[in-house]
Amino acid sequence: FTIMTGREAGPGFLLGLTIVGLVLATALLVCAWLQARRSEDAGRTLSLVTLFVALPFVVRTSWPHYFVCLPLCQAALLAALLPSARRSGVGGKLLLLLPASSMILSSIFLFNLFPNWGTYNTCGMLFFADLLLVPACALTALRRRPGAPSPARYRYSFRRNGSS
């Protein structure tokens, strides 16, 4: 914060960031729980990935070694979003930008554009790469299970049977 604004962050600002981080971590824990409830192995894997993505929002510092699992998270989320992107239109394909952008931010190619590792780290590139994965984790947690009927199908079956 000091490097970007030239001022120290006040205690109120830091408290606000802490609260936002804890809310995001809690939301990610709920997503991990939803993913773990799935019967397929991919749901359990994505649950672990979501817990890894939540880690920087719980830990007070963001040292680079906290992000060692970032490539695994990026690859798993890209693989999870790819089948739905193939079936859907432009919106589904745009979802692939989340893990792809995260991969770019954490890549050695972007790292080499910075004068030194300290500048790269101070700008928070790894944290922002992790932050891009939060919506991807939420989308994989909230999607319908494969083979589950859509809510519209339930509505139709009730009407057809005379119930409303």
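Residues numbered from 1 in each chain as written. Predicted model: local features only at pLDDT ≥ 70, side-chain atom pairs only at ≥ 80, totals over all residues. Heavy atoms only, no water.

A. The arrangement of the overall build of the chain in detail. Looking only at helices and strands, the chain features 11 helices and zero strands. Beginning at the N terminus, the succession of helices and strands in the chain can be written as α-α-α-α-α-α-α-α-α-α-α. Across the 164 residues that make up the chain, the buried fraction comes to 29%. Across the chain, contacts joining residues at least 24 apart in sequence account for 62% of those joining residues at least 6 apart. Put simply, the chain shows about 10,600 Å² of open surface, and 69% of that area lies on carbon and sulfur atoms. (Helix = DSSP H or I, 4+ residues; strand = E, 2+ residues; numbered from the N terminus. Buried < 20%, exposed > 50% of the residue type's maximum accessible area, 1.4 Å probe, protein only. Contact = heavy atoms within 4.5 Å. Areas by Shrake-Rupley, 256 points an atom, 1.4 Å probe, with all protein chains shown as cover.)

B. Layout of the packing of helix H6 (residues 97–105) against helix H10 (residues 133–142). Two elements in contact, H6 and H10, have axes separated by 8 Å at closest approach and are oriented at 150°. The angle between H6 and H10 places the two elements in the roughly antiparallel class. Like other packed secondary-structure pairs, H6 and H10 cross with a definite hand, here left-handed. Contacts from Leu98, Pro99 and Ser102 in H6 reach Leu133, Pro135, Ala136 and Leu139 in H10. Among the residues making up the contact of H6 with H10, the classes are represented as six nonpolar, one polar and no charged. (Axes fitted to C-alpha atoms, helices over the stretch in contact; angles between N-to-C directions. Parallel < 35°, antiparallel > 145°, perpendicular 65-115°, else oblique. Left-handed = near helix turned anticlockwise from the far one by under 90°. Nonpolar A, V, L, I, M, F, W, Y, C, P; charged D, E, K, R; others polar.)

C. How the structure looks around the nonpolar core. Counting 29 residues, the largest nonpolar core has Leu28, Val53 and Leu77 as its most contacted members. Only helix H2 (11–36), helix H3 (41–58), helix H4 (70–87), H6, helix H9 (125–131) and H10 provide two or more residues apiece to this core. Sort the elements by how many residues they give to this core and H4 lands first, with seven residues. In this structure leucine 28 touches Thr50, Val53, Ala54, Phe57, Val134 and Cys137, once residues within four positions along its chain are discounted. (Core = buried A, V, L, I, M, F, W, Y, C linked by side-chain atoms within 4.5 Å.)

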